[in-house]
Amino acid sequence: MDLKQLDYFTAIVDEGSISAAAKKLHISQPPLSTQMKSLERELGAVLFERGLRSITLTDAGKLMYQRAKTILDMASVTKTEIDSLGRGLSGTLRLGMVSSAVTAHIIGQFAEFRKLYPEVNFQIYEGNTYQMLDGLKTNQMDLALVRSPFPESGFVCHKYQEEHIVAAGIAGTLPQNAGIEEISGQPLILYRRWETLVRQIFESRNLRTTIVAVVDNAWSSLQMAKAGIGIAMLPESFVTDVSGMEMWRIEDERLQTRLTLVKRDDRYISNIAKIFFEKFEL
């Protein structure tokens, strides 16, 4: 077994067929098939069933694909680190982030990290918490900054201070110290992840809700609230210091969240990712 065979195997899985993988790898199909048969003989297992136009992974193939991706990724990271020896910490940190984590304070943390390690650059992926966790599982990224709650099994978590979900709107929209009763009946803009929970909270208190928008992105919620479309419900840290906006904390323990920096617990990560994971603070 060698890295070339693993690269060929993952290409076949990613492309869905041997013929498509051969085109991507710029080699003919017969030698690619020969390499896969050799790999299967060495492992003593069939990795995939060959169809007319596609392949289907066996259980052994699914396990092999996961291991092959990890091995290839580790080989790439190791080469990068060896190349950078003597030149200080350098390379790329692949980081996933939920939209509600993109605050001035968080970006300031990136700036401070680059002051310490000017040869490091960032490759940022954005999406919701579950998309970011999937990105970690498939080795698309090294670390992810996500929001609780989420299934923590399989991850190492660096948890930060818990914060409230708040109602945010144009200054003067609601009285000071507004509670959930005052929010009831107001046009609400909900971050989709908390839609069901918010509805349940209002229903449990027999309060009326008027939901005018449900969105996937915290920035979209905030911009709609700034335009006067309604009251957005967002994490407190995301709204802090936004000009022209006020926020009202909803005192309900279910409406709490925390930013969490996570990495997989079964995967080698680069020195860049290790240092960032240890140094990143909120």
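Along each chain, numbering runs from 1 in the same order as the chain's sequence is written. The predicted nature of this model means local features are confined to residues of pLDDT at least 70 and side-chain atom pairs, given and counted, to a pLDDT of 80 or more, with totals for whole chains, interfaces and linings taken over all residues. Only hydrogens and water are removed before side-chain values are computed, so all heavy atoms of the structure are retained for them.

Chemist: Help me get a handle on the pairing of strand β13 (residues 259-264), residues and values and all.
Modeler: The buried fraction of β13 amounts to six of the six residues, a majority that puts the element mostly inside the structure. On β13, burial covers both faces: Leu259, Leu261 and Lys263 on one face and Thr260, Val262 and Arg264 on the other are all buried. Bridging between strand β5 (residues 143-147) and β13 involves four bridges; their strand directions are antiparallel. Each bridged residue has a counterpart across the sheet, and for Ala144 the counterpart in β13 is Val262. A pair of strands counts as paired when DSSP detects no fewer than two bridges linking them. Numbering goes from the N terminus for both helices and strands, where a helix is a DSSP run of H or I of at least four residues and a strand is a run of E of at least two. In this structure, strand β6 (residues 155-159) lies alongside β13, joined through five bridges in antiparallel fashion. Relative accessibility thresholds used throughout: buried, under 20% of the residue-type maximum; exposed, over 50%; partly exposed, between the two (1.4 Å probe, protein chains only).

Chemist: Tell me about the environment of Leu207, and please be specific about residues and values.
Modeler: With respect to the helices, strands and loops of the structure, Leu207 is situated in the loop between α8 (195-204) and β9 (210-215). Along the backbone, Leu207 and Glu181 are 26 residues apart, and their C-alpha atoms lie at a distance of 7.2 Å. Contacts were defined at the residue level, with two residues in contact if any of their heavy atoms lie within 4.5 Å. Once you skip the residues sitting within four places of it in the chain, Leu207 turns out to touch Ile180, Glu181, Ser184 and Phe202.

Chemist: Please give an account of unusual backbone geometry that cites residues and values.
Modeler: Looking along the chain, the bond that leaves Ser148 and enters Pro149 is cis, with omega of 0 degrees. Mapped onto the elements of the fold, Pro149 is located in the loop between β5 and β6. One non-glycine residue with positive phi stands out, namely His26, at about 60 degrees. Its location among the elements puts His26 in the loop between α2 (18-25) and α3 (29-43). Assessed through its relative accessible area of 71%, His26 is described here as exposed.

Chemist: Which residues make up the environment of Gln109, and what values do they have?
Modeler: Looking at the element boundaries, Gln109 is found in helix α5 (residues 104-116). For Gln109 and Phe276, which are 167 residues apart along the polypeptide, the C-alpha to C-alpha distance reads 10.0 Å. Excluding residues that lie within four positions of it along the chain, Gln109 makes contacts with Phe280 and Glu281.

Chemist: Explain the packing of aromatic side chains to me, and be specific about the residues and the numbers.
Modeler: Aromatic contacts are taken between Phe, Tyr and Trp rings whose centres are within 6.5 Å, Trp giving its six-membered ring; a plane angle under 30 degrees counts as stacked, one over 60 as edge-to-face, and the others as tilted. Tallied over the full model, the rule gives 12 aromatic pairs. Geometrically, the ring pair formed by Trp219 and Phe238 is edge-to-face, given 5.1 Å between the ring centres and 75 degrees between the ring planes. Of the two residues, Trp219 sits in helix α9 (residues 218-226) while Phe238 sits in helix α10 (residues 236-239), which places them 19 residues apart along the sequence. A relative accessible area of 36% means that Trp219 is categorised as partly exposed. A network of ring pairs unites the aromatic residues Phe110, Phe113, Tyr117, Phe122, Tyr160, Phe276 and Phe280 as a single cluster. Cation over ring: Lys263 sits above Phe277, and NZ or CZ is 4.6 Å from the ring centre. Look at NZ for Lys and CZ for Arg. If either is within 6 Å of the ring centre and within 35 degrees of the ring normal, a charge sits over the ring.

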